[in-house]
Amino acid sequence: MTRLIFLGPPGAGKGTQAHLLQETRKIPHISTGEILRSHVAHNTPLGEKARVYMDQGELVPNELILNMVSERLKQPDTDNGWILDGFPRNVSQAAFMDDLIQNMHWDYDWVVNLDVPDEVLIARLLHRGEVEHRSDDHDETTIGHRLQVYRDQTEPLIDYYRQRKQLYTLNGNQPMEQVAAQLNEFLNSHHLHKS
Ligand code: AMP
């Protein structure tokens, strides 16, 4: 059983690492950004509402996100655990997650925090915007705003989880294989629970 939350700024490599772990641990990688992008691509009512926030690099309002996450986490493929990438993103989402975890009698292992300097993040995001045609990653102004939103709203979660001694910070400014190897080694030697 592995349940993990990935924390870190946009471009830190959360998606890449979560994807690798999904393969090795056979648990779903749940990215709220990806779920939202799929809603936008399919023009669902949620997608229509979320699009404007996403294009501006703002967080989508909690009332559009919370139900989406709890429904996803209750799907049968999460029986052996999950990797959350991009949620929680602010303190009220973290409080919601605490309640959900308690109500579902879940335990979770670690909050993994990927640390990467800003100049590396900006270069990576510009590259990703070109390769993936992501509308929120194509110009420096929106990228700068996404990083600011991260500093203001998401970064406080580092202390939130550090105080509970559930935070594992690792240097994300290394080749992805090296990050993955360090993460695997850590998880293999630091399981919090046995269920
Ligand atoms: P990401 O792929 O995680 O970088 O997310 C892309 C965009 O989706 C973000 O800039 C937000 O607009 C939106 N988003 C993703 N996850 C969340 C969340 N947990 N809360 C609010 N907005 C989110």
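None of the values given here were measured: they were computed from a predicted structure.

Calculation notes
Every residue gets a number counted from 1 within its own chain, in the order that chain's sequence is written. Note on the predicted model: pLDDT of at least 70 is required for a residue's local features to be given, and 80 or more for side-chain atom pairs to be given and counted; whole-chain, interface and lining totals, by contrast, use all residues. Calculated side-chain values reflect all of the structure's heavy atoms, with hydrogen atoms and water omitted. Strands here mean DSSP runs of E at least two residues long; helices mean DSSP runs of H or I at least four residues long; both are numbered from the N terminus. This radius of gyration counts C-alpha atoms alone. The globule rule is 2.2 Å times how many residues there are, raised to the power 0.38. Under the scheme applied here, a residue whose accessible area is under 20% of the maximum for its type counts as buried, over 50% as exposed, and between as partly exposed, the area being computed with a 1.4 Å probe on protein chains only. Should any heavy atoms of two residues lie within 4.5 Å, those residues are counted as being in contact. Every accessible area reported is derived by Shrake-Rupley at a probe size of 1.4 Å, with residue values counting cover from the shown protein chains alone. One heavy atom within 4 Å of a molecule or strand makes the whole residue count as near it. Here a polar contact is taken to be a pair of N or O atoms separated by no more than 3.5 Å, where protein atoms must pair a possible hydrogen donor with a possible acceptor and residues adjacent in sequence count only if both atoms sit in side chains. For this scheme, ten residues count as nonpolar: Ala, Val, Leu, Ile, Met, Phe, Trp, Tyr, Cys and Pro. Four count as charged, namely Asp, Glu, Lys and Arg, and the remainder, Gly too, count as polar. Each residue after the first adds 1.5 Å to the expected span of a helix. Taken from the helix axis, the directions to the C-beta atoms give the arc we talk about. Definition of nonpolar core: a set of buried residues of the types Ala, Val, Leu, Ile, Met, Phe, Trp, Tyr and Cys, connected through side-chain atoms within 4.5 Å. Strand pairing is assigned whenever DSSP identifies at least 2 bridges connecting the two strands. Inter-axis angles, ranging from 0 to 180 degrees, are taken between N-to-C directions of lines fitted to C-alpha atoms, where helices are fitted over the stretch in contact. We call two directions roughly parallel when the angle between them is under 35 degrees, roughly antiparallel when it is over 145, roughly perpendicular when it lies between 65 and 115, and oblique otherwise. Handedness of a helix crossing follows the sense of rotation of the near helix relative to the far helix, less than a right angle counterclockwise being left-handed and clockwise being right-handed.

**Let's talk about the overall build of the protein**
Part 1 of the reasoning: What the protein contains, in helices and strands, is nine helices and five strands.
Part 2 of the reasoning: If you list the helices and strands of the protein from N to C, you get β-α-β-α-α-α-β-α-β-α-α-α-β-α.
Part 3 of the reasoning: Taking 2.2 N^0.38 as the reference for a compact globule, 195 residues should give roughly 16 Å; the C-alpha atoms of the protein span a radius of gyration of 16 Å, in line with that estimate.
Part 4 of the reasoning: Principal-axis analysis of the C-alpha atoms gives the protein an extent of 45 × 35 × 30 Å.
Part 5 of the reasoning: Counting across all 195 residues of the protein, residues that qualify as buried make up 47%.
Part 6 of the reasoning: The long-range fraction of contacts in the protein, counting pairs at least 24 apart against all pairs at least 6 apart in sequence, stands at 74%.
Part 7 of the reasoning: Carbon and sulfur atoms provide 50% of the accessible area of the protein, an area that totals close to 10000 Å².

**Quick word on the site of the ligand**
Part 1 of the reasoning: The full set close to the ligand counts 16 residues, and Thr-32, Glu-58, Gly-86, Arg-89 and Gln-93 are the nearest of them.
Part 2 of the reasoning: At 2.7 Å from a nitrogen atom of the ligand is found a side-chain nitrogen or oxygen belonging to Thr-32.
Part 3 of the reasoning: Considered on its own, the ligand offers 480 Å² of accessible surface; in the complex 96% of this is hidden by protein.
Part 4 of the reasoning: Of all the elements, helix α2 (residues 32-41) adds the most residues to the shell around the ligand, at four residues.
Part 5 of the reasoning: Grouping the amino acids of the shell around the ligand by side-chain chemistry returns six nonpolar, four polar and six charged.

**Here's the deal with helix α9 (residues 176-189)**
Part 1 of the reasoning: When the terminal C-alpha atoms of α9 are compared, their 20 Å separation across 14 residues agrees well with the 20 Å that a helix rising 1.5 Å per residue should span.
Part 2 of the reasoning: Where α9 is concerned, the buried positions are Val-179, Ala-180, Leu-183, Phe-186 and Leu-187. Down the axis of α9, the buried set is contained in an arc of 130°. They therefore lie on one face. Exposed residues on α9 whose side chains face more than 90 degrees from its buried face are Glu-177, Glu-185, Asn-188 and Ser-189.
Part 3 of the reasoning: As for α9, its buried residues are in contact with β1 (2-7), α1 (14-25), β4 (110-115) and β5 (167-171).

**A short note on the nonpolar core**
Part 1 of the reasoning: By size, the foremost hydrophobic cluster in this structure holds 30 residues, and its most contacted members are Ile-5, Leu-73, Trp-82, Leu-84, Met-97 and Tyr-161.
Part 2 of the reasoning: Beyond its immediate stretch of four places on either side in the chain, Ile-5 contacts Trp-82, Leu-84, Phe-87, Pro-88, Met-97, Tyr-108, Trp-110, Val-111, Val-112 and Tyr-161.
Part 3 of the reasoning: Core analysis: the next-biggest nonpolar cluster, separate from the first, contains 21 residues, Phe-6, Leu-114, Leu-147 and Val-179 among them.

**Considerations on the sheet that holds β5**
Part 1 of the reasoning: The sheet built from five strands is open, its strands ordered β2-β3-β1-β4-β5 with parallel pairing. Of all strands in the sheet, those with a lone pairing partner are β2 (29-31) and β5, marking the two edges. Taken over all neighbouring pairs, the strand axes of this sheet differ in orientation by 25° on average, direction set aside.
Part 2 of the reasoning: The pairing of β4 with β5 spans five bridges and is parallel. Note that in β5 the partner of Val-111 across the bridge is Leu-167.

**With respect to unusual backbone geometry**
Part 1 of the reasoning: Cis rather than trans, the peptide bond between Phe-87 and Pro-88 has omega equal to -5°.
Part 2 of the reasoning: Its location among the elements puts Pro-88 in the loop between β3 (81-85) and α5 (91-103).
Part 3 of the reasoning: Even without being glycine, Asn-43 reaches a positive phi, approximately 50°.
Part 4 of the reasoning: Residue classification places Asn-43 among the partly exposed residues on the basis of a relative accessible area of 47%.

**Side note on the packing of helix α4 (residues 62-73) against α5**
Pairs of packed helices are described in terms of their axes, by the angle between the two and the distance that separates them.
Part 1 of the reasoning: Between α4 and α5, the shortest axis-to-axis distance is 11 Å and the interhelical angle comes to 30°. By the angle between their axes, α4 is roughly parallel relative to α5. Of the two elements, α4 crosses α5, and the hand of that crossing is right-handed. Facing α4, whose interface residues are Asn-62, Ile-65, Leu-66, Ser-70 and Leu-73, α5 presents Ser-92, Gln-93, Phe-96, Met-97 and Leu-100.
Part 2 of the reasoning: In terms of residue class, the contact of α4 with α5 is made up of six nonpolar, four polar and no charged.

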